[in-house]
Structure formats: structure tokens, C-alpha cells
Amino acid sequence: MDRNAPPPKPPKKRLTLVDYILFGSVAALVIFSGYRVNDVLVYNWEWSRVLNFVVRVDDETGQYFTNLLVRGLETTLRLAVWGTILATIIGVVMGYWRTCENLTLRIISRCYVELIRNIPPVVFIFIFFFFISSQIFPAIGLDDVDPDAAVFANPVFHFLFGDPRLLSNFLAGLLCLAMFEGAYVTEIVRAGIQAVPKGQWEAARAIGLSPIRVLGDIILPQALRKILPPLAGQFITLIKDSAIVSLISIQELTFMATEVAATTTKVFETWILVGGMYFILCYSFAVLFAWLERQAARSRR
Amino acid sequence: MLDITSKPLVEITGMCKWYGEFSALHDINLSVHEGEKVVVCGPSGSGKSTMIRCINQLEAHQKGTISVNGAEVSPDMKNIEQIRREVGMVFQSFNLFPHMTILDNLTLGPMRNRGVSRADATDLAMHYLERVHIAQQAEKYPPQLSGGQQQRVAIARSLCMKPKVMLFDEPTSALDPEMIAGVLDVMIELAEEGMTMIVVTHEMGFARKVADRVVFMDEGEIIEVAEPEEFFNNPQSDRAQLFLSQLLGH
Ligand SMILES: Nc1ncnc2c1ncn2[C@@H]1O[C@H](COP(=O)(O)OP(=O)(O)OP(=O)(O)O)[C@@H](O)[C@H]1O
Ligand SMILES: [Mg+2]
């Protein structure tokens, strides 16, 4: 036979009757719900009033301004990015402590994880928020920072941390979220470290690497590759969980949405819109993490 | 041939080790001089691995003393890394770092521990890779190599630290038969260059060719120490006789 002949084409993937029936029923359900909302509830859709809270047009000058919901989204984004970084740091340190031989470190990290995993997030955040906002922030003088000081009143700071007048508000939310998610990252990191074979520790020690090098050069890089998928899932959970800090009046997306829904009384529009915003945010992160995973897989070959 | 009057490079006296209640090693006494090659053998579970792992403190002993190059090693010492840099170790399961290229596996130690520049470390690494005949594979990753090649890389990785003594823990027992010779050849060359070696192995050909002494262990104790010909032809203890007959029986 001709060796150079092209390989046979794989069979085309086709939708079967079952697929069409499935799609059909889903579509029917959506249409029916829409009908219920429209006719039975007699709901008066007014998207423009809610969209006003995304961008507002100044009637006199005709200029556009971003409004509450966009500001909330920005804060959520900041919470997500900083929260991810902080939770990673907490998770790596605590996760390593979980695997240490030193009993004290093991007890500390174990207590941290168990405490957080066995208290409802809302309850934890109320307690912890009270603690930092009434004790820690006044102690380090964060409550009365001068928003016009050079450090705060520049665009870089604003870009990174938002409005300096809301700094302590933002930091409180961030710390709550990071402490909370850090516990879950801790468990993931611990599992990753324990999944690295014992021989890797031994070989690294045997060539005389210091403990910190053993961890940084040999163990963590291997652990990280193993835990990238669950870690990515946890970070997307973090973005969704950030909605909880609206309960302690952190002015992120859910908090702003509550305000908008209350003032406009347009509950459906507000929450559908906000749901869409969360979806886009989380899905973008999911795509980013999937890409990172492929990169890691490629570098390993 | 050997300068027995000098201070031994590795000296173990009255060393004991327990795992919980289980006595894994009991009253081990062994000194190894510079340039000496010692082969350790004995039945499975007799404590061979445990003994050599105590030398670089991968396992902590509880009684007795171990000194390496004149310095006593103990479980709670601060600069154990310093000692480990003088002691190369080759494992049964190679334990190469799978996330690094072969070259990086070799340069890591010298760069991190000895402050060698990357260029110098690379030269050093290539030198040793050539000696173990795998210089062409320097850019590959460990899982892409055969077992025999990986083990030779592991030997080169240890040599890059310019150790004073090399420990081998059954370096050929995880290998397919056709790979064993290549690894043993490298070890024989190393021995001929005068490296001090403590080798846990059941390769009798290697022991006969290279060893100055054979140490026979059983149930956590050293039962017999003899020159290889003496040990293989005329073992003194019953346990050594039994062990050898089983080894030859297969
Ligand atoms: N981490 C450990 N915890 C408890 N017991 C252990 C541990 N490591 C080894 N032992 C026990 O100590 C004894 C000696 O083990 P060791 O690995 O030194 O034997 P070995 O002579 O190297 O055997 P092999 O030829 O199978 O490698 C064995 O009985 C083993 O079960
Ligand atoms: Mg062993």
C-alpha cells in the first residue's frame, strides 16, 4: 500500500436525535420561564434604569461617567487579585507548616484550617471583621490616614487599592477574604507537598541543599504543578466568595448591587446584570488558569 | 596500599538506632579510610540502608557516634548541610529532579551550595556527564531517559559536589539486567580513581573486583567483616553462609 497516502479522516461528530430532544427541552424551559415572568408576574422590564448605574450620561455636557456598579466591579476585581496573592502566601506557608516535623508549627496551621473550615464563612467574617476593624486597624493608625498624602493621592495607588478614603474598608474585606480562602489553599498545598515522593526530599538534602532551598527549588515547583487544577478552582471560588464581604459593607459588586436594587426596585435587571458580570469575571480567570496549566504542562514536556 | 594510620574518613562507633520500639541498628562499629571501598550486604531488612543513611543523617541515630572527615554528625547539629556536601549519595530509585533538565539537575548543587557561577557549574556538569557517557542528553528531562542512564546521571550529580566519600544504596537493583553493566562500569572507574566508597549491593562480581572489605549485616548488626575472596569463599558465620547460598541459589 502507498505509505504516503493521507491517513483516514476521523468520523465526523454528529448530533443525534437525543441531543436535539435535550436542546429542545432546555429551550422550552427557558421560553416558559420568560413567559411566566412576563405575563403571569406582569413584570415591567426597565433595563435602562439599571444600566444607568453602569454608565451615567451627564445630561448637560453629554459626557459619560462610570457609575456604582462599575466601581463595585473594580473593587471585586481588586479583592480577587490581591486576595489570590495573599491567600497563596498564607496557603503556601501554612500548607508547608502542615507537613513540618515541628509540632508547634503543625498545631498552629492545623488550628487555623480547622477553625475556618468548621465555622460558616459569614460568621467567621463577622467575628474577624470586628476584630480587625476595632482592634488592629486603630492600633496601626489605619483609620485616620490622610487621603491627600502623597502616598495615597496618586493614580498608581488608586489603581491598585481604589479610593484611599475607603482604604481601611477595602483592607478589612481583603484580609477577611484572604484568611478565609487561605485555609482552603493551605489544604491544597499540603496535599501537593505530600504528593511529592519522599525520595525527592532525600535527594535534595543529600546534595546539601538548605531546608529553604529544598522547599523552594525541589518540592514546591513539583507540588505546584500537581495542584494547579484544584488551585485554579479555589481562586474562582474566591471571586465568588468575595460577595460575602458585602455583609460587612465592603463596597464591592454585590454590595453595590444591593444598593442599586433597593433604589431602583428593579430587582431582576440588577441581579441578572450583576450575575453576568460575575460570570464574565470568573470565566476569564478560568480561561487564564487553563492557559497557565497548558504552559506548565508544556514546560514539563 | 591503604594508609591505615591516618584518621578514618567515616567512623562509626557504638551506633544504635530504633524505629519506635523496633531496634533497627545495634552497636554498629565501622571505620572507612580514605580511598577505601566497602561493600555492605545482607538479607532484606537487615539495616543496610538505614546504616548508610545515618552517615549523612537522612536518618537520625540515637546512640553512639558517627564522624565524617573528622567532624561528628548528630541529629540536632546546625550545619548538617556542610557535611552532606562532602558525602555523595546514590539511591536505588535514582531520585533525579523530574522538573529540571539533566544539566540543571547537575548544576543545582554547585551553584546553590558552593557559590559556583552558572558557566563554571555547566562546565563541571558537562565534564561529569561525559565521564558517565551521557553528555548528549544534557538538555533532556529525567523521565525521557532509561533507568540506567538516569542512574548514571544521579552518580554524576553527586560527583559535581566533589564529595570525599560516596554512598550507594543498591544502585543497580531497580535496573533491567542489560542496564546494570553500564552503571557498574562507571562505579568501577570511580573506584579506580581512588574515590572512597560505601556500597550496599548484592553484585558479587563488583564486590570481588572493587571491594577492600565486605561487611555482612543481619538483623541490625554487623556480623562479619572480611576481604571479598575470604568472605565469598569461606564465610565464617552460619548466617552469612545461609545468605550466600540463597544468593547463589537463584
Ligand atoms: N521509616 C521506618 N519506620 C519504621 N521502620 C523502618 C523504617 N525504615 C526502615 N525500617 C525498618 O528497619 C529495618 C531495616 O531497614 P533497611 O531499609 O535499613 O533494610 P535494608 O537492609 O536496606 O533492606 P533492603 O535490602 O530491603 O533494602 C527493616 O526491618 C525496616 O522494616
Ligand atoms: Mg535498603
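Note that this is a predicted model, so its numbers are computed, not measured.

**Comments concerning the overall build of chain B**
Looking only at helices and strands, chain B features nine helices and 10 strands. Rg of the C-alpha trace for chain B: 18 Å, near the compact-globule value of 18 Å for 250 residues, within the 12% margin. Expressed as lengths along the three principal axes of its C-alpha atoms, the size of chain B is roughly 55 × 45 × 40 Å. Counting all 250 residues of chain B, 56% fall into the buried class. Restricting to contacts in chain B with at least 6 residues of sequence separation, those with at least 24 account for 65%.

**Examining the confidence of the model for chain B**
The predicted model of chain B averages 92 in pLDDT, with 97% of residues at 70 or higher. Interface confidence for the predicted complex, expressed as ipTM, amounts to 0.92; the pTM equals 0.84.

**Concerning the packing of helix α5 (residues 121-139) of chain A against helix α7 (residues 167-195) of chain A**
Residue and element names in this part refer to chain A. Between α5 and α7, whose axes approach to 9 Å, the crossing angle comes to 135 degrees. Taken together, the axes of α5 and α7 are oblique relative to one another. Between α5 and α7 lies a crossing of right-handed hand. Together, P121, F124, I125, F128, F129, I132 and F137 of α5 and S168, L171, A172, L175, C176, M179 and F180 of α7 make up the contact between the two elements.

**Side note on a nonpolar patch on the surface**
Residues and elements named next belong to chain A. On the surface, a cluster of nonpolar side chains totalling about 540 Å² of accessible area is made up of L41, W45, W47, L51, F268 and I272. Listing elements by their share of the nonpolar patch, those giving two or more residues are α2 (47-51) and α11 (267-300). For W45, the location among the structural elements is in the loop between α1 (17-40) and α2.

**What to know about the sheet that holds strand β9 (residues 213-218) of chain B**
Residues and elements named next belong to chain B. In space, the six strands of this open sheet follow the order β6-β7-β8-β3-β9-β10, with mixed pairing throughout. Among the strands making up the open sheet, the edge pair consists of β6 (87-90) and β10 (221-226). Between one strand axis and the next, the sheet turns through 20 degrees on average, direction left out of account. Here strand β7 (residues 165-169) pairs with strand β8 (residues 196-200) via five bridges, running parallel. Within β8, the position partnered with V165 by the bridge is T196. The strands touched by helix α6 (residues 177-192) within the sheet are β3 (37-41), β7 and β8, with β8 carrying the most contacts at an inclination of about 145 degrees.

**Quick look at helix α5 (residues 147-159) of chain B**
The terminal C-alpha atoms of α5(B), which comprises 13 residues, lie 19 Å apart, in line with the 18 Å expected from a rise of 1.5 Å per residue. Of all 13 residues in α5(B), 12 are buried; the element is thus mostly enclosed. Where α5(B) is concerned, the buried positions are G148(B), Q149(B), Q150(B), Q151(B), R152(B), V153(B), A154(B), I155(B), A156(B), R157(B), S158(B) and L159(B). The elements touched by buried residues of α5(B) are α8 (198-206) of chain A together with β6, α3 (102-114), α4 (118-131), β7 and α6 of chain B.

**Comments concerning the site of ligand 1**
All names here are of chain B. What surrounds ligand 1 is the set Y19, F22, A24, P43, S44, G45, S46, G47, K48, S49, T50 and E170. Residue Y19 places a side-chain N or O atom 3.3 Å away from a nitrogen atom belonging to ligand 1. In this structure, K48 approaches ligand 1 through a side-chain N or O atom, which is 2.8 Å from an oxygen atom. For ligand 1, whose unbound accessible area comes to 630 Å², protein coverage reaches 60%. When residues of the shell around ligand 1 are traced back to their parent elements, those giving at least two are β2 (22-32) and α1 (48-55). Sorting elements by how many residues they give to the shell around ligand 1 places α1 first, with three residues. Considered class by class, the residues forming the shell around ligand 1 number four nonpolar, six polar and two charged.

**Comments concerning the packing of α3(B) against α4(B)**
Residues and elements named next belong to chain B. The geometry of α3 relative to α4 is characterised by a closest axis approach of 9 Å and an angle of 125 degrees between their N-to-C directions. Classified by the angle between their axes, α3 and α4 sit oblique to one another. Considering only the axes of α3 and α4, their crossing is right-handed. Facing I102, L103, D104, L106, T107, P110 and M111 of α3, the residues of α4 in contact are R118, A121, T122, L124, A125, M126 and L129. Within the contact of α3 with α4, the residues separate by chemical class into 10 nonpolar, two polar and two charged.

Definitions and cut-offs
- Residues numbered from 1 in each chain as written.
- Chains lettered and ligands numbered in written order.
- Predicted model: local features only at pLDDT ≥ 70, side-chain atom pairs only at ≥ 80, totals over all residues.
- Heavy atoms only, no water.
- Helix = DSSP H or I, 4+ residues; strand = E, 2+ residues; numbered from the N terminus.
- Rg over C-alpha atoms; globule rule 2.2 N^0.38 Å.
- Buried < 20%, exposed > 50% of the residue type's maximum accessible area, 1.4 Å probe, protein only.
- Contact = heavy atoms within 4.5 Å.
- pLDDT = per-residue confidence, 0-100.
- Axes fitted to C-alpha atoms, helices over the stretch in contact; angles between N-to-C directions.
- Parallel < 35°, antiparallel > 145°, perpendicular 65-115°, else oblique.
- Left-handed = near helix turned anticlockwise from the far one by under 90°.
- Patch = residues over 30% accessible without salt bridge, like charges linked within 9 Å, V, L, I, M, F, W, Y side chains within 5 Å.
- Areas by Shrake-Rupley, 256 points an atom, 1.4 Å probe, with all protein chains shown as cover.
- Salt bridge = Lys/Arg side-chain N within 4 Å of Asp/Glu carboxyl O.
- Pairing = 2+ DSSP bridges.
- Expected span 1.5 Å × (residues − 1).
- Near = heavy atom within 4 Å.
- Polar contact = N/O pair within 3.5 Å; in protein donor to acceptor, adjacent residues only side chain to side chain.
- Nonpolar A, V, L, I, M, F, W, Y, C, P; charged D, E, K, R; others polar.

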